[in-house]
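One-letter residues, chain by chain:
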Amino acid sequence: MEYLEKDSVQFEHIGRFWHIYRADMESLWENMEKDQEALQAFQDDERLPYWAELWPSSFGLADWLLQKKKNIKGKACLDLGCGLGFTALCGVHLGAKVLACDYEQRALELAEFNAQKNTLALCKEYKDFWASPVPVLFPLYLDWRQPSISEKSFSFIWAADIAYERKFMPEILKFLDYALTVDGVFWIAEPSRTIYQYFLEEVKNFPLTIEKVYAELSPKISEHILSARVNIWEIKRK
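Draft legend 1. Layout of the overall build of the protein. Helix and strand counts for the protein come out as nine helices and nine strands. In the protein, which comprises 238 residues, the proportion classed as buried is 55%. Look at the contacts in the protein between residues 6 or more apart in sequence, and 70% of them connect residues 24 or more apart.

Draft legend 2. Examining the packing of helix H8 (residues 169–179) against helix H9 (residues 196–203) more closely. Where H8 contacts H9, the two axes come as close as 10 Å, and the packing angle between them is 45 degrees. The orientation of H8 relative to H9 falls into the category oblique. In this structure, H8 crosses over H9, and the sense of that crossing is right-handed. Residues Met169, Pro170, Ile172 and Leu173 of H8 lie in contact with H9, whose contacting residues are Tyr198, Phe199, Glu202 and Val203.

Draft legend 3. Quick look at helix H5 (residues 86–93). Burial runs high along H5: seven of the eight residues are buried. Of the positions making up H5, those classed as buried are Phe86, Thr87, Ala88, Leu89, Cys90, Gly91 and Val92. At the C-terminal side of H5, glycine 95 shows a positive phi close to 105 degrees.

Draft legend 4. Layout of the pattern of salt bridges. On inspection of all chains with the given rule, the structure shows 11 salt bridges. For lysine 204, the salt bridge identified is with glutamate 201, shortest N-O distance 3.3 Å.

Draft legend 5. Representation of the packing of aromatic side chains in the model. One pass over the structure, following the stated rule, counts 16 aromatic pairs. Considering the side-chain rings of tyrosine 126 and tryptophan 130, the 6.2 Å spacing of their centres and the 90 degrees angle between planes classify their relative orientation as edge-to-face. One end of the pair is tyrosine 126 and the other is tryptophan 130, both in helix H7 (residues 126–131) and four residues apart, which spans about a single turn. The class for tyrosine 126 is partly exposed, based on a relative accessible area of 26%. Taken together, the aromatic side chains of Tyr126, Phe129, Trp130, Phe138 and Phe154 make up a single cluster linked through ring pairs. Over the ring of phenylalanine 129 we find lysine 97, and its NZ or CZ is 5.7 Å from the ring centre.

Draft legend 6. Quick look at the packing of helix H3 (residues 56–67) against H5. The contact between H3 and H5 brings their axes to 9 Å, and the two run at 15 degrees. Considered as vectors, H3 and H5 are oriented roughly parallel to each other. In this structure, H3 meets H5 at a crossing whose hand is right-handed. On H5, the residues that touch Ser58, Phe59, Leu61, Ala62 and Leu65 of H3 are Phe86, Thr87, Cys90 and Gly91. Here the residues of the contact of H3 with H5 sort into six nonpolar, three polar and no charged.

Draft legend 7. Local environment of the sheet that holds strand S9 (residues 229–237). Read from one edge of the open sheet, seven strands run S5-S4-S3-S6-S7-S9-S8, paired in mixed fashion. Only two strands of the sheet have a single partner each, and these edge strands are strand S5 (137–141) and strand S8 (208–217). Looking at each pair of strands side by side, their axes are set apart by 20 degrees on average, direction ignored. Bridge analysis of strand S3 (residues 76–80) against strand S4 (residues 97–102) gives five bridges, and the strand direction is parallel. Across the sheet, alanine 76 pairs through a bridge with lysine 97, a residue of S4. Against the sheet, H8 touches S3, strand S6 (154–160), strand S7 (180–190), S8 and S9, its axis set at about 145 degrees to S7.

Draft legend 8. A look at the nonpolar core. Trp18, Ile72, Phe86 and Trp187 are the most contacted members of the largest nonpolar core, which has 46 residues in total. With sequence-adjacent residues up to four places away left out, tryptophan 187 is seen in contact with Leu61, Trp64, Leu65, Lys68, Ile72, Phe156, Ile157, Trp158, Ala159, Ile232, Trp233 and Glu234. Among the nonpolar cores identified, the runner-up in size contains 37 residues, and Phe138, Leu176, Ile188 and Ile235 belong to it.

Draft legend 9. Highlighting the environment of isoleucine 162. Along the chain, isoleucine 162 falls in the loop between S6 and H8. Since its relative accessible area comes to 10%, isoleucine 162 is described here as buried. Along the primary structure isoleucine 162 and isoleucine 172 are separated by 10 residues, whereas in three dimensions their C-alpha atoms are 9.0 Å apart. Other than its neighbours up to four places away in sequence, isoleucine 162 contacts Leu80, Gly81, Trp144, Ile172, Ile188 and Tyr196.

About the cut-offs
Residues numbered from 1 in each chain as written. Predicted model: local features only at pLDDT ≥ 70, side-chain atom pairs only at ≥ 80, totals over all residues. Heavy atoms only, no water. Helix = DSSP H or I, 4+ residues; strand = E, 2+ residues; numbered from the N terminus. Buried < 20%, exposed > 50% of the residue type's maximum accessible area, 1.4 Å probe, protein only. Contact = heavy atoms within 4.5 Å. Axes fitted to C-alpha atoms, helices over the stretch in contact; angles between N-to-C directions. Parallel < 35°, antiparallel > 145°, perpendicular 65-115°, else oblique. Left-handed = near helix turned anticlockwise from the far one by under 90°. Salt bridge = Lys/Arg side-chain N within 4 Å of Asp/Glu carboxyl O. Phe/Tyr/Trp six-rings, centres within 6.5 Å; stacked < 30°, edge-to-face > 60°. Lys NZ or Arg CZ within 6 Å of the ring centre and 35° of its normal. Nonpolar A, V, L, I, M, F, W, Y, C, P; charged D, E, K, R; others polar. Pairing = 2+ DSSP bridges. Core = buried A, V, L, I, M, F, W, Y, C linked by side-chain atoms within 4.5 Å.

Written as structure tokens, this is what we have:
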């Protein structure tokens, strides 16, 4: 995949300068009609190229991670639905080892490219991620319905704007119940969409608690990335 400068954005956030490459979402949408594999993925999973953009929720989540720097520093963390990789890169910048997970291979490739462009350390093997003594990013394909990670292996999991469809919400919560350590926490950022009311209701069906811990107005950094009211919710085990 070729990444073009015209599709990238440059900005300052959480104390450093970032250069994040995006995919051309318009082309991805247009090509879906010609791409049988993409059409099949949409029919099977309502799979759309949301991963190709940098969404406002990422900025709210990055600010929250900055506030939690002491908690995540030196820890193995998981970014669920990492997309372009921005919040995963923020975690590495703040001292964490971050498993950047996504269901789209193209997103993982772009997350790795963005790590390189922003001079953040990468590792090539899953075992090296766990053994690394320094902050590092490892991109990993992950289907939350069939997780390829060990049970109860992460104390910190986070995600920005991943619950677009109501039917996926129980699957996300099942994954959290599987992947979080006994005292682990999950932070999800969302831009005040009505759909998240269903997420709040669905949590009641699991041995989990949910609390809003942060809210802010995200910055407008380009004509593509507009400001939005972002909420951060924290989920823990009961």
